[in-house]
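The residues making up each chain are set out below.
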Amino acid sequence: MNTFERTTIRLTGSGQIATNLKATASLAYTNSGGYRIQQGSNTSGLMLGLLRTPPSFDNSNGVDDPTDQSAYINPDGSQRNYRSGTGYDNPYWTINKNPFTDDVNRVFGYTKFDWSPADGLLISYRYGLDQYSDVRKQVLAIGSRTNVVGSISDEAYAISEQNHDLTARYSADLGPIGANFLVGFNANQRDRKYVGTYGTGLVLPDFYNMSNATNQQAYESFIGRRIWGLYGEAQFDYDEWAYLTLTARRDQASTFGDVATPIIYPSASLSLILTEVLDIKSDVLNFAKLRASSARVGSEPGFASNATYFNQASVTSGWITGASFPYQGVTGFSQSNTLGNPNLRPEYTVTNELGLELRMLNNKLTADVTLYEQTSRDLIVAVPVAGSSGFTSSFVNAGTMRNSGVELQLNAQLVDSKDFKLNAGMTFTRNRNVVEKLADGVDVISLPWGFFGANQRLVEGQAYGTLYGDDWLRDEEGNAQVDAAGYPIYSSTEVVVGDPNPDYLMGITSNASYKNWSFNMLWDIRQGGDIWNGTRGALYYFGAHQDNAVLPDGTKRGETFIWNDVVTGNSGFYAPGTLDADGNDIGGQPNSTPIINDWQSYAGGPLSGFTGASRPFIEDGSWVRLRNIGVTYKFTNEALEGTKLEGLSLGVSGRNVLLLTPYRGVDPETNLSGATNSQGADYFNMPNTMGVIFNLKANF
Amino acid sequence: MKFNNIAIIALTGIALSACSDAWLEEYKLDQNRPSDVTMEVLLPSAQVNYGITQGDVLPRLTSIFMQQMTGTDRQSLAHNTYSVIGEGDFNTPWNNSYAGGLYDLNIIITKAEELGAPAYAGIAKITTAMYLGLLTDHFGDIPFEEAFQGATDLTAKFDSQESIYAAIQTLLDDGKANLLEPSNLAPSGDDLIHGGDLIAWGSTADALKARYLNHLSKTSLYDADAVIAACDDALAGSSYAALGFDASLNQNPWWQFLNERQGYITQFGTMYDMMEANVDPRIAFYRSADSTDMPFFAAATAPLAIVTPFETMFIKAEALIRKGDPAAARLVLEDAVESNMMWLGVDPSDIASYVAAMSATTDLELIMTEKYYAMFTSSEVWTDWRRTGFPALTAPSGAILSDIPRRLPYPENEYLYNSANVPMPIDASPDEKFGVSGSYKLWWDM
């Protein structure tokens, strides 16, 4: 019942308006939208209700049709769930009663004029527009667990980007040196306008117009950015085996405290066709190109970071909704907790790259390898500060981060005969990231998602987004300390528990064709990348996980076992001063006290995600995935004779068909905080989708 | 000819750039948020902020410590044995106070001086004293003198609790004086607590003076006469101060917790055992028949009491007992119990029978035990227990600390971003962090 639909119409045309003057225009219109379901860490989320229901309660009440009301509504109209209306929503209630719907209308196009007043000179002007409106509605029915009084959220976004580019190009031949010059001017504007209403306290059931809400709050905001810049490029080639490109750009942006602040970025790149330089003419090595480049790119601060404002007042808490304004009919404002900085400078990233491209064996084997090192400086960071200053964060140019790595691409035409062709390719990327410096006096910045006990941070000297969490008390050798009852001892100090960045990523493709049939396959491989399996930690508490029935070592529910530490592999050691039943000091000895596999250890003890440490729930998120597999049949010209068709092909492909992973949750390719810059958390996220796509292409 | 064209383009570019600084300036500031506001929008914001801070995580934890309710699910279950409580839990109340309410009150005081509006300054100073009292009774030494410096000083030093207590009394006295001065501007509807009634604010300030003077009972600075005088001033006026809530949005924080986190806390424990033994008529108001709900304190529109006359009466009774006058203390004690029960809505005949059945010996234990019942849902109960040891409570079996906590650890963000100034080291033992042993107990608890 989760749906998403999209329709696109596109028109493109061009014409010669006058001698030397050509005009092109293109316009596309897209309408998309759907009906979607709540997920993630909230009481009304689908997965919380689904997984936390004990197996003895049937959420579907025996019916097959997911829209059948008898699954989720009692005869008296109240919600039917395993806790008689408290706890979490019945997933059937969530699907049927609490949808998110959206409708997006987008216009996207450009118009371009090309004028060639003289030989070798081309002047162009291009205006591009991308504009869309996004209207959304989220309803929570009366009786839903996150808001028992019901709520409606109506939001409308009007978003646009406009771009002007005026360029002049000139090419010249100076003997063996070919030269191309470009000079240009660019102006870009982005607008994001938002109006939203939130209503709670619904009265009429199943009626979701804002007039039905006893309490209504409205919001509006505008985020915008304007940039203009001048740029130039000079490209030289010598005898068609050496190429040199030099560029420079100077921008100004509206988000600086002083709009006259320039952002300057130069770059240089050189490539040499080695087979020409070294005069290699061979069937084994057909082509070799060496490239080297160095580029600096700058960017401007985010909107509203150049000043300190007052916000509409609200008080939030991690435990309750809190309070918001207007409050009892009174307006309230509060100084923002973020200190703006009118003296921010641009951020700069310098990338140095070295690459080699080879074509071998009569162009049947190609290889491309690139080494890169990228250093970002003066990164604009909302540095957290101690609350006693009156603020909780402050914008500064502070961070330095380095990314370095290698990218490799190989492609081989294995078979190339008249009827049968087979091609295979591989890509490999390995990136290492280090946060070299945050800000003076700041060693740690927390990233968006996170609770006490499981969160993600930027830490000096470590990779971006290191996972932090609470752990067991450990001795100097890293062994867990246990108490006399055989349970590990909890430590509330958070430590590094994992790194969500992968060791490497690899893709393997294969294309084959036989006569009119063609076949393709894409494998996606990720090695490394830790994930916090918060879902498993929570389900241990409820006794609803597979392990609560039978542990991986075979211990059944109700049987006893000796606790085992997943980090060290041993069972821990008694803490100093631990006394056994006879009063003897067993401190320092290895743990040999059995504990029981039932609620006393999980909900009543420290072995669940809610009552104990989060480190045991960090898992390896590596995967091998068959991303795409498909087959297509192309009709021959003979078969199409007599029809008006010039070409016709039919195909079917499967997406996300197979997943192999040691991760014990739904899918390691998941992210609790959505499309943000944090990753590595699974807390009742939805599984990924698998799809079948049918394809028909006809030429007239 | 071609160079002429390049020149035209270059000149066009330069000309376009010359008028573009104005084009960029139009988008520089956020037009949807003000850079400066009036006191009348800052005051309600600070008051609601205080109410939520007083009614959210702090009293829930201290009520569990004082065994007035029991955690029965998730993290609250662990809280019974003082487990899964760490520095990270206190960032929110601390930051909401310092970067939210207290900072806004600071702005009000500055503006009030500029605009000649001492009415606003008075209320802001009294509310600042309320915040400081709440924070110092939980965390001990806290920043104040160097706080709220923003970009000038991002790392404030922590002032001793003794100096904070002195600052509280100064703020209350200065605030009371401000309220009597003529003022160009005065709050009305924007004052969510007293609706602009400056006389009521004066009485509330007296009640707060009494409370914080009384907290010094274990120190040599305790002055029973000063306490009694402040109580009398407060009781002579209408000192009752509370924050109100609505039914479908901005509900009472206890209601929010019991509804959004159902089952985390259930109403049973040592307090209820003691009340049942006394056949206390308040039980039906404190908990529902199935013990899951708190009918009086967790109704959606239940007000959050900040200062009540019965609290002041209990303080006066305690001061009288300390002066050695049990007869006078008895009269005030009975008034306090009656006032509390009438506020709850207990039937007058039940009130009379309860008071008649109270123990005949008027001593500190009786007064503090009755106050323990009456101040339910306030973290004042924890302060009173730390000062007097009444009622006698023992830590539950399985507790991960050696005894009941006597302070809270400092918030994690101060350790991360102001570590040089935090008085307690991050690697202190759990017993030390919670003030059970070691040198980090509160100054007035030594």
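Residues numbered from 1 in each chain as written. Chains lettered and ligands numbered in written order. Predicted model: local features only at pLDDT ≥ 70, side-chain atom pairs only at ≥ 80, totals over all residues. Heavy atoms only, no water.

## Quick look at the pattern of salt bridges
All names here are of chain A. Counted only if it meets this: Only one rule defines a salt bridge in this text: a Lys or Arg side-chain nitrogen within 4 Å of an Asp or Glu carboxyl oxygen. Counting from the N terminus, the helices are DSSP H or I runs at least four residues long and the strands are E runs at least two residues long. Burial status follows relative accessibility: with a 1.4 Å probe on protein chains alone, a residue under 20% of its type maximum counts as buried, one over 50% as exposed, and anything between as partly exposed.
Taken as a whole and assessed by the stated rule, the structure comprises 55 salt bridges over all chains. Linking arginine 345 and aspartate 378 is a salt bridge whose minimum nitrogen-to-oxygen distance equals 2.9 Å. Here arginine 345, found in the loop between strand S15 (338-339) and strand S16 (347-360), pairs with aspartate 378, found in strand S17 (residues 365-384); they are 33 residues apart in sequence, far enough to count as distant. Relative accessible area serves as the criterion here: at 42%, arginine 345 is assigned to the partly exposed category. We classify aspartate 378 as partly exposed; its relative accessible area is 25%.

## Examining the pairing of strand S10 (residues 285-299) of chain A
All names here are of chain A. Quick note on the threshold: Strands were regarded as paired on the criterion that DSSP finds at least two bridges between them.
Bridge analysis of strand S9 (residues 262-273) against S10 gives 7 bridges, and the strand direction is antiparallel. By the bridge assignment, alanine 268 is partnered in S10 with serine 294. Bridge count between S10 and S16: 14 bridges; the pairing is antiparallel. Bridged to serine 293 within S16 is glutamate 353.

## As for helix H17 (residues 364-374) of chain B
Residues and elements named next belong to chain B. Our working definition: Contact definition: two residues touch when any of their heavy atoms are within 4.5 Å.
Burial runs high along H17: 10 of the 11 residues are buried. Every buried residue belonging to H17 is among Leu364, Leu366, Ile367, Met368, Thr369, Glu370, Lys371, Tyr372, Tyr373 and Ala374, and all of these are buried. Residues of H17 that are buried sit in contact with helix H12 (270-277), helix H13 (283-286), helix H14 (309-323), helix H15 (326-344), helix H16 (348-357) and helix H18 (380-388).

## What about a nonpolar patch on the surface?
Residues and elements named next belong to chain A. Note the following rule: Excluding any residue in a salt bridge, patches collect residues exceeding 30% relative accessible area, merging like charges within 9 Å and nonpolar Val, Leu, Ile, Met, Phe, Trp and Tyr side chains within 5 Å. All accessible areas in this document rest on Shrake-Rupley with a 1.4 Å probe, and a residue is counted as covered only by the protein chains that are shown.
Taken together, the side chains of Phe420, Tyr514, Trp517, Phe519, Val631, Val652, Val692 and Phe694 present a nonpolar region at the surface, about 790 Å² in accessible area. Elements with a contribution of two residues or more to the nonpolar patch: strand S26 (517-527) and strand S35 (691-699). Relative to the elements of secondary structure, phenylalanine 519 occurs in strand S26. On the accessibility criterion, phenylalanine 519 (33% relative accessible area) is partly exposed.

## Quick word on the sheet that holds strand S27 (residues 530-533) of chain A
Residues and elements named next belong to chain A. The cut-off we apply is this: Here an axis means a line fitted to C-alpha atoms, over the contact stretch when the element is a helix, while the angle between two N-to-C directions is reported on a 0 to 180 degree scale.
If you trace the 3 strands from one edge of the open sheet to the other, you get S31-S27-S34, paired in mixed fashion. Bordering the open sheet on either side are strand S31 (618-620) and strand S34 (681-682), each of which pairs with just one other strand. Where S27 and S31 come together, 3 bridges link them in antiparallel fashion. In the sheet register, isoleucine 531 faces S31, and the bridge partner there is glutamate 619. Lying over the sheet, helix H4 (residues 534-542) contacts S27, S31 and S34, oriented at roughly 25 degrees with respect to S27.

## Quick look at the packing of H14 of chain B against H18 of chain B
Residues and elements named next belong to chain B. The test is simple: Orientation labels follow simple angle bins: below 35 degrees gives roughly parallel, above 145 gives roughly antiparallel, 65 to 115 gives roughly perpendicular, and whatever is left gives oblique. Only Asp, Glu, Lys and Arg are considered charged in this grouping, and only Ala, Val, Leu, Ile, Met, Phe, Trp, Tyr, Cys and Pro are considered nonpolar; every other residue, Gly among them, is considered polar.
At a minimum axis separation of 13 Å, H14 and H18 run at an interaxial angle of 5 degrees. Classified by the angle between their axes, H14 and H18 sit roughly parallel to one another. Contacts from Glu311, Glu318 and Arg322 of H14 reach H18 at Glu380, Arg387 and Thr388. Split by residue class, the contact of H14 with H18 holds no nonpolar, 1 polar and 5 charged.

## Looking at the side chain of arginine 282 of chain B
Positionally, arginine 282 of chain B belongs in the loop between H12 and H13. Excluding residues within four positions of it along the chain, arginine 282 of chain B makes contact with Met275, Asn340, Met341, Leu344, Val346, Tyr354, Glu370, Tyr373 and Ala374 of chain B.

## Things to note about the interface of chain A and chain B
Here is the rule we go by: Take the accessible area each of two parts loses on contact, using a 1.4 Å probe, and add the two losses: that sum is the buried area. Definition of a polar contact: a pair of N or O atoms within 3.5 Å, with one able to donate and the other able to accept a hydrogen when the atoms are protein atoms, and with sequence-neighbouring residues admitted only if both atoms are side-chain atoms.
Counting from both sides, the interface comprises 96 residues of chain A and, opposite them, 89 residues of chain B. When chain A packs against chain B, close to 7,900 Å² is buried across both sides, 59% of that on carbon and sulfur atoms. Of all residues in chain A, Arg226, Phe310 and Trp319 of chain A bury the most surface against chain B, accounting for 11% of the area lost on that side. At the junction of chain A and chain B, the tally comes to 3 salt bridges. Arginine 457 of chain A is paired through a salt bridge with glutamate 412 of chain B; the nearest N and O atoms lie 3.4 Å apart. The tally of links from chain A across to chain B stands at 33 residue pairs in polar contact (both at pLDDT 80 or more). When residues of the side of chain A that touches chain B are assigned to their parent elements, the largest contribution, 12 residues, is made by strand S7 (residues 213-238) of chain A.

## Comments concerning the nonpolar core
Rules: To define a nonpolar core, start from buried Ala, Val, Leu, Ile, Met, Phe, Trp, Tyr and Cys residues and group those joined through side-chain atoms within 4.5 Å.
Counting 160 residues, the largest nonpolar core has Phe65 and Met66 of chain B as its most contacted members. The element that contributes the greatest number of residues to this core is helix H7 (residues 118-139) of chain B, accounting for 12 residues. Residues contacting methionine 66 of chain B, with those up to four places away along its chain left out, are Tyr372, Val381, Trp382, Trp385, Leu393 and Ile404 of chain B. Core analysis: the next-biggest nonpolar cluster, separate from the first, contains 39 residues, Trp472, Tyr540, Ile618 and Ala681 of chain A among them.

## Quick notes on the packing of aromatic side chains
Put simply, the rule is: Centres within 6.5 Å are what make two rings of Phe, Tyr or Trp a pair, Trp counting through its six-membered ring; a difference in plane orientation under 30 degrees is then read as stacked, over 60 as edge-to-face, and the rest as tilted. Look at NZ for Lys and CZ for Arg. If either is within 6 Å of the ring centre and within 35 degrees of the ring normal, a charge sits over the ring.
Considering all chains together, one arrives at 47 aromatic pairs over all chains under this definition. Ring centres of tryptophan 94 of chain B and phenylalanine 139 of chain B lie 5.3 Å apart, and the angle between their planes is 85 degrees; on these two criteria the pair is classed as edge-to-face. In this pair, tryptophan 94 of chain B is assigned in helix H6 (residues 91-115) and phenylalanine 139 of chain B in helix H7, connecting sequence segments 45 residues apart. As far as the burial class goes, tryptophan 94 of chain B and phenylalanine 139 of chain B line up, both buried. Ring pairs connect the aromatic residues Phe391 of chain A together with Phe90, Trp94, Tyr98, Tyr103, Phe139, Phe144, Phe148, Phe158 and Tyr410 of chain B, which therefore count as one cluster. The ring of tyrosine 110 of chain A is capped by arginine 126 of chain A, whose NZ or CZ atom sits 4.4 Å from the centre of that ring. The ring of tyrosine 410 of chain B carries arginine 407 of chain B above its face, with NZ or CZ at 4.6 Å from the centroid.

## Considering unusual backbone geometry
Residues and elements named next belong to chain A. Here the amide bond leading from phenylalanine 325 into proline 326 is cis, since omega sits at 0 degrees, within 30 degrees of zero. Locating proline 326 in the fold gives a position in the loop between strand S13 (323-324) and strand S14 (333-335). Its identity as a non-glycine residue notwithstanding, glutamine 328 has a phi of 50 degrees, on the positive side. Mapped onto the fold, glutamine 328 is located in the loop between S13 and S14. The residue asparagine 363 is not glycine, and still its phi comes out positive at about 65 degrees. In this structure, asparagine 363 sits in the loop between S16 and S17. Residue asparagine 363 is classed as partly exposed on the basis of its relative accessible area of 44%.

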